[in-house]
Amino acid sequence: MNNLVETMINLGLGKPAPLKRYGGEATFFSGNLHLGAGAGARCLEAVCRNLKDADVRLSYDGGTEVAGAINAAANQHGLNAEVLAGNGEPRFNALVFDGSGLSDTTQLQAAYHFFQPRLRQLANSGRVVILAAPHKAAASAEAAAAQRALEGLSRSIGKEIGKKGATSQLVVVPERAEDNLDSSLQFLLSPKSAYVNAQVIRLRPAATASSPDWKQPLAGKVALVTGASRGIGESIARTLARDGAKVLGLDVEPAAADLQRVMAEIGGDSLTADITAEDAPAAIAERLKSLGGADIVVHNAGVTRDKTLANMPEHWWQMTIDINLTAAQRINRALLESDAINAGGRIVGVSSMNGIAGQRGQANYAASKAGVIGYVEYMADELAARDITINAVAPGFIETQMTAAIPLMTREVGRRLNSLSQGGQPVDVAEAIAFFASPASSGVSGNILRVCGQNWLGA
Ligand code: NAD
C-alpha cells in the first residue's frame, strides 16, 4: 500500500534524481571542472593546489581578464587547463567560481558570464562552488554588496539545479584563510556532500594541518559519539571509524546491547551512561583520558517530546532541554577543565532545521536545537585560543526510525520540501560531521551546516 502511494506520488511529482554518494573513490573529485573568477580573485592558487590531487579535466573561458591568472595557478600545480571556446562542450561535473576579489557590483557580471552559458551543461549530481570574501569585513559598501550578492546567487543556483541532484554552495574565505580552504573544497566537490545544498561555510585564518589522507583522514584520532547505538549516531560512529578514528560510543542502558554490537563491528569501545546524569561528565572524561584524550567529540544524543506548548507538561520541556542542550555543555566543560580534549580537537553539535525555522508542536525541541546554535557560535571564539574548533550540523528530513513513524502523506510532503525533492540518509549527516572532524578543518569553526537538501523551511 505504502509502495503504491509512493509510486503514485512519484508519477505526479516526478521521481527525484538519485544522489551520488561516496563509495570509496580514490580521490575527492573525478570529472570535468570548469573554473572561473572575478577580478582580484584570491583563491585560484588554493583551488588548483587541491585539484592536482583529483582526477580532473580542468577548463576555463578564454578571453576574460582572469584567464591569465587561472592559467598561471594551474601551471603552478602542474595542471593542464584547457581553454573552452563556445558552449557546445562537455558536461561539467563541477563549476567553481572565485568571486573573492569582487569589489563592486558591476563586477558581478563576471559571475553571470561564467554561469549563464554553462549551468545547462552541469551533469547530474554536479557541483557548484562559489568562493567569496566576508562582506562585513569588506573595504567598501560596494564591495560588501557584491560579496553578499554571491550568497543569493548560490542559493538560487541551488534551487535551479536541485532537480538534477546537483548542489551549490558558498565558501566565505577571509584574507589569510586561503590555505584553510582545502577541507571545505574537497568535501563540497565530493559525493560526501550529496545532501548538503545552498549552504555557506565561513572560514577563519588558522594554522593549517597538512592535508590528510583522503581515505583515512582520521587515522590515530579518538572520537566520542553520544547516542551511537542507532540512527544518525550509529552512522556517525561508522563513518568516523571508516575514516580511521577509534570510536568511543555512548548510549543509555536500554540501548547497551545495540551499542555493543555496533562498536564490536567497527572496533570501537562502549560506554553506557545517561548524559544528563550528575556523574556522566566525569565518567566520560575519565574514559577518554584512558584512551589518550578525545580528538573529536560529537554530541548527537537527542530526543523529541512533541506537543503544542499550550499542552506541554513541564517534564517534557525540561527533559528535552536537558538532553539536547544542557548535557553537552556540562560534558564539554568537564572535558575542557580536565584537559580530556586534545589540542587540535573538534567538537560537533547536532542542531536541527526546526531549531532554525521553529516548528509547531516542537517548542521544546526547537528551543533546545536553537540553543545548540547559540552555544556553538559563542564557543568558537573561546575555543580558538585552545586550538579547538566547534561546529554543528542542522539536519533536515533524514530517513530514520524517527521519521519513518510520521504518517505517510505528511512524511512524503516532508521529504519532498527541498530542492533535491527527497529525504537525506543518516550517512549524509555523518559525512558533514566527518568534514568538521578533519585535521584539515582547523579554519572551520562556529559554522552551522544544514544537511537538508536546501529545505524550504527557515532557509
Ligand atoms: P534516535 O532516536 O534514533 O537516536 C538518538 C539516540 O540518542 C538514541 O540512541 C538514544 O538512546 C540516545 N539518547 C537519548 N537520550 C539519551 C541520554 N539521556 N543519554 C544518552 N543517550 C541518549 O534519533 P536520530 O534520528 O538518530 O537523531 C540523532 C540526532 O539528530 C538527535 O540529536 C536529533 O535531534 C537530531 N536530528 C534528527 C533528525 C532526523 O530527521 N532524524 C533531524 C534533525 C535533527
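This text goes with the structure placed above it.
Keep in mind that this is a model prediction, so the values were computed, not measured. (Residues numbered from 1 in each chain as written. Predicted model: local features only at pLDDT ≥ 70, side-chain atom pairs only at ≥ 80, totals over all residues. Heavy atoms only, no water.)

Participant: What exactly am I supposed to notice about the packing of helix α6 (residues 182–189) against helix α15 (residues 426–437) here?
Facilitator: Relative orientation of the contacting elements α6 and α15 amounts to 160 degrees, with a least axis distance of 10 Å. The orientation of α6 with respect to α15, classified from their angle, is roughly antiparallel. Crossing of α6 against α15: the hand is right-handed. Between α6 and α15, the residues in contact are S183, S184 and F187 and E431, A432 and F435, respectively. Partitioned by chemical class, the residues of the contact of α6 with α15 number three nonpolar, two polar and one charged. (Axes fitted to C-alpha atoms, helices over the stretch in contact; angles between N-to-C directions. Helix = DSSP H or I, 4+ residues; strand = E, 2+ residues; numbered from the N terminus. Parallel < 35°, antiparallel > 145°, perpendicular 65-115°, else oblique. Left-handed = near helix turned anticlockwise from the far one by under 90°. Contact = heavy atoms within 4.5 Å. Nonpolar A, V, L, I, M, F, W, Y, C, P; charged D, E, K, R; others polar.)

Participant: Please clarify how the environment of V83 should be interpreted in this entry.
Facilitator: Examined against the element boundaries, V83 turns out to sit in strand β3 (residues 82–84). Placed 233 residues apart in sequence, V83 and W316 show a C-alpha to C-alpha distance of 61 Å. Those residues in contact with V83, other than ones at most four positions away along the chain, are Y60, D61 and G62.

Participant: Got a minute to help me understand the sheet that holds strand β4 (residues 92–98) in this structure?
Facilitator: Sheet strands associate in pairs through backbone hydrogen bonding, adopting either a parallel or an antiparallel arrangement. Here seven strands make up an open sheet; going across it, the order is β3-β2-β1-β4-β5-β6-β7 and the pairing parallel. Edge positions in the open sheet fall to β3 and β7 (200–202), since each of these has one partner strand only. For this sheet, the mean inter-axis angle between neighbouring strands, taken without regard to orientation, is 25 degrees. Bridge analysis of strand β2 (residues 55–61) against β3 gives three bridges, and the strand direction is parallel. Its bridge partner being in β3, S59 is matched across the sheet by E82. In the packing of helix α3 (residues 67–76) onto the sheet, contacts are made with β1 (30–37) and β2, and the angle to β2 comes to roughly 160 degrees. Helix α5 (residues 141–161) contacts β4, β5 (122–132), β6 (167–172) and β7 of the sheet and is inclined by roughly 170 degrees relative to β5. (Pairing = 2+ DSSP bridges.)

Participant: Help me understand the site of the ligand, please; the structure alone is not making it clear to me.
Facilitator: The environment of the ligand is formed by 27 residues, the closest being R230, I232, D251, N300 and Y365. Between a nitrogen atom of the ligand and a side-chain N or O atom of D274, the distance comes to 2.9 Å. Within the side chain of T400, an N or O atom sits 3.2 Å from a nitrogen atom of the ligand. Coverage of the ligand by the protein chains reaches 93% of its 830 Å² of free accessible surface. (Near = heavy atom within 4 Å. Polar contact = N/O pair within 3.5 Å; in protein donor to acceptor, adjacent residues only side chain to side chain. Areas by Shrake-Rupley, 256 points an atom, 1.4 Å probe, with all protein chains shown as cover.)

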